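# A structural walkthrough
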Amino acid sequence: MAQKPTKVADDVVVSLAYVLRLDNNEIVDEATRDEPLVYLHGYGNIIPGLEEALEGLSAGDTKKVVVAPEDGYGEYDEDDVDVMPRSEFPPDFEFEEGMELELHDPDTDEYFEAYVAEIDEDEVTLDFNHPLAGETLFFEVEILALRRATAEELDHGHVHED
Ligand code: ZN
């Protein structure tokens, strides 16, 4: 039997508790000890700036990590916003500002996520930027547990629990 990993490294499954704040101190995301984030390290399953900062940590370690937009959810792209006529949506569609939409392009069979930025009488403004694009991210993390990934998890590039 291979030994249990002692440090965060590629191919290790990491259980993580974290609090994510923005520079105004607002908490926008968290994972608790009871409901941790469990991910496979080294496969881009979490944002690159955080993944890199966790490398080499051990269970029980805590760390404050500051992630710049380019290593997080990207810079905010002002061109990545579209105004669409409401008539392109089903008539009974209930729009709400801030709601997330999944859009399908039948030509390319691609799916896009967008956020409703503004609703007018005839038009809807959709923002294709991630809601945290352009934000510097302030994480407080605690490594809860490490385990070796199964062959199947390594093959898929993600964890198979919860
Ligand atoms: Zn899988």
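These notes cover the structure that comes with them. (Residues numbered from 1 in each chain as written. Predicted model: local features only at pLDDT ≥ 70, side-chain atom pairs only at ≥ 80, totals over all residues. Heavy atoms only, no water.)

Before going further, it helps to examine the sheet that holds strand 7 (residues 110-119). Pairing in this open sheet of four strands is antiparallel, and the strands run 5-8-7-6 from one edge to the other. The sheet is open, and its two edges are formed by strand 5 (81-85) and strand 6 (100-105), each paired on a single side. Strand-to-strand, the axes of this sheet are offset by a mean angle of 45°, without reference to chain direction. Pairing of strand 7 with strand 8 (residues 123-127) involves four bridges; the strand directions are antiparallel. From the neighbouring strand, Ile-119 faces strand 8, where its bridge partner is Val-124. (Pairing = 2+ DSSP bridges. Helix = DSSP H or I, 4+ residues; strand = E, 2+ residues; numbered from the N terminus. Axes fitted to C-alpha atoms, helices over the stretch in contact; angles between N-to-C directions.)

Tracing the chain through its elements places Ala-151 in helix 2 (residues 151-156). The class of Ala-151 is exposed, set by a relative accessible area of 65%. Residues Ala-151 and Glu-30 lie 121 residues apart in sequence; the distance between their C-alpha atoms is 29 Å. (Buried < 20%, exposed > 50% of the residue type's maximum accessible area, 1.4 Å probe, protein only.)

The zinc ion binds to the protein through His-156 (ND1), His-158 (NE2) and His-160 (NE2); the donor distances cover 2.0 to 2.1 Å. One chain supplies every donor for the zinc ion, spaced along it as H-x1-H-x1-H. Among the residues examined, His-156 registers a relative accessible area of 42% and is labelled partly exposed. (Donors = N, O, S within 2.8 Å, 3.2 Å for Na, K, Ca; no water.)

Where like charges cluster on the molecular surface, the negative patch consists of Asp-10, Asp-11, Glu-52, Glu-55, Glu-70, Asp-71 and Glu-75. The class of Glu-52 is exposed, set by a relative accessible area of 65%. (Patch = residues over 30% accessible without salt bridge, like charges linked within 9 Å, V, L, I, M, F, W, Y side chains within 5 Å. Areas by Shrake-Rupley, 256 points an atom, 1.4 Å probe, with all protein chains shown as cover. Salt bridge = Lys/Arg side-chain N within 4 Å of Asp/Glu carboxyl O. Lys, Arg positive; Asp, Glu negative; His and termini not counted. Charge placed at Lys NZ, Arg CZ, Asp CG, Glu CD.)

Moving on, we come to the packing of aromatic side chains. Centre-to-centre distance and the angle between the planes together describe a pair of aromatic rings. According to the stated counting rule, one finds five aromatic pairs in the structure shown. Between the aromatic rings of Phe-89 and Phe-93, the centroid separation amounts to 5.6 Å while the plane-to-plane angle is 45°, which identifies the pairing as tilted. Both rings, one in Phe-89 and one in Phe-95, keep their centres 4.8 Å apart while their planes meet at 85°; by these two values the pair is edge-to-face. Take Phe-89 and Phe-95: they sit in the same class, and that class is buried. Aromatic rings pair up to connect Phe-89, Phe-93 and Phe-95 into one cluster. (Phe/Tyr/Trp six-rings, centres within 6.5 Å; stacked < 30°, edge-to-face > 60°.)

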